[in-house]
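# Breakdown of the fold
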Amino acid sequence: MNSLNKQGCTQLYNHQPKIKLQSQSAVVPLAALHAKGVRLLTHFSRYIRRSLPNRCLLCQQRIEQQGYAKLFDGQVLTGVCQHCLVSGLYQTEVCLGCAKPLVQLQEYCGQCMASLPIKVIAPCSYHQGLGQLVSAIKYQRQIAALQVLAQQLAYRIQQLVKQGLIELPQVIIPVPLHSNRLRQRGFNQAWLIAKQLSAMLDLPLDDQFIFRLQDTQPQAGLNGKQRRDNCHQAFALMTSLEPDLASELVPKQSCYQHVALVDDVVTTGTTINEIAALLKQHHIASQAWSLARAEAPELRG
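Residues numbered from 1 in each chain as written. Predicted model: local features only at pLDDT ≥ 70, side-chain atom pairs only at ≥ 80, totals over all residues. Heavy atoms only, no water.

## Here we look at the overall build of the protein chain
The number of helices and strands found in the protein chain is eleven helices and twelve strands. Residues classed as buried in the protein chain amount to 47% of the 301 residues present. (Helix = DSSP H or I, 4+ residues; strand = E, 2+ residues; numbered from the N terminus. Buried < 20%, exposed > 50% of the residue type's maximum accessible area, 1.4 Å probe, protein only.)

What follows is the structure in structure tokens.
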């Protein structure tokens, strides 16, 4: 619950008016009061998670920690048991372009080496068991397994960095929702994931740099062409503006050269590719991070 409150309020409260406390002369922003409340809720939530029965959302069995805290810095395994977690992760190396299984460690399969698509890093396939947990975050507001899945994504990112297949970006950017969709849903699942990754990987998060211009229809149920048309020119960069010599306003050079785009799942890659193309126009390299990858039908196990 605290994560949902944090996402919805943090994005919406930043632009709220300020209030004046009767007992103080200083004007206190609502966002500051909210941040304090979030910290208290976070500590309370951790206490509750350690106290209440903890069962796997997939097999309904009781979740045994079995040393999980030692592997992931004192974290509590919630939402999914270790058996379902391990069985749902990728069991072999996969192409960072299309997720095709590979027999050896490398960036791309032979086909993707010809086009060099954006690298998509994910710990599992959406079409295996863990995909149900990813879907539940967005459609059922079930976030019990979100932290565990984010930990697996962070671990995979760290391993790929050590193996020299990717480099850490300067900043993490969640795929934005349109303000109408954000008000309707109440939270942005990409922001929740990005917030977790930011803390785990010690990287800054910027949720203001990219915004969605168009209130597009949901991508689910659309074919490839419909998805591309739906996302065409749907995003823009929130760069500050400065006048050029002709006294016209032009986008100011971004301070970023390499960013990571975060979403809950990458399916056809239409949304990610649209944003990546926009960033490339400003000479910004990008990679994509997601909790799961929905591979093409012919690549599914």
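There is more to say after this.
## A few points about the environment of L149
With respect to the helices, strands and loops of the structure, L149 is situated in helix α7 (residues 146–162). On the accessibility criterion, L149 (1% relative accessible area) is buried. Sequence-distant contacts of L149, that is, excluding residues within four places in its chain, are made with P123, L130, L133, V134 and L291. (Contact = heavy atoms within 4.5 Å.)

## Brief notes about unusual backbone geometry
Not every positive phi belongs to a glycine, and L116 is a case in point at roughly 50 degrees. Among the structural elements, L116 can be located in the loop between α5 (110–115) and β5 (120–121). Taking the relative accessible area as the measure of exposure, L116 reaches 57% and is therefore exposed. Backbone geometry at D202 places phi at a positive 55 degrees, although glycine is not the residue there. Here D202 shows up in the loop between α9 (189–201) and β7 (210–212).

## Examining the sheet that holds strand β12 (residues 285–293)
Pairing is parallel across the open sheet formed by four strands, whose spatial order is β5-β12-β11-β6. On the outer flanks of this sheet lie β5 and β6 (171–174), each paired with one strand and no other. Note that β5 and β12 share two bridges and pair parallel. Bridging across to β12, V120 finds its partner in A288. Its contacts with the sheet put α7 on β5 and β12, and the angle it makes with β12 is roughly 135 degrees. (Pairing = 2+ DSSP bridges. Axes fitted to C-alpha atoms, helices over the stretch in contact; angles between N-to-C directions.)

## Considering the nonpolar core
Counting residues in each nonpolar core, the largest one holds 44 residues, and the members touching the most others are V80, L85, L130, L197 and W289. When residues of this core are traced back to their parent elements, those giving at least two are α4 (82–88), α6 (131–140), α7, α9, β11 (258–266) and β12. The element best represented in this core is α7, accounting for seven residues. If you look at the next biggest cluster of nonpolar residues, it comprises 21 residues, including V120, F209, F235 and L278. (Core = buried A, V, L, I, M, F, W, Y, C linked by side-chain atoms within 4.5 Å.)

## Some points on the packing of α7 against α9
In a pair of packed helices, the angle between the axes and the distance between the axes together describe the arrangement. Remark: α7 packs on α9, axes separated minimally by 9 Å, with the N-to-C direction vectors making an angle of 50 degrees. Classified by the angle between their axes, α7 and α9 sit oblique to one another. Viewed along their axes, α7 and α9 form a crossing whose handedness is right-handed. Of the residues in α9, those touching α7 at L146, Q147, A150, Q151, L153, A154, I157 and Q158 are L192, I193, Q196, L197, M200 and L201. Of the residues that constitute the contact of α7 with α9, the class distribution is ten nonpolar, four polar and no charged. (Parallel < 35°, antiparallel > 145°, perpendicular 65-115°, else oblique. Left-handed = near helix turned anticlockwise from the far one by under 90°. Nonpolar A, V, L, I, M, F, W, Y, C, P; charged D, E, K, R; others polar.)

## Considerations on the environment of T92
Inspection of the secondary structure puts T92 in the loop between α4 and β3 (93–94). Between the C-alpha atoms of T92 and L102, which are ten residues apart in sequence, the distance is 6.9 Å.

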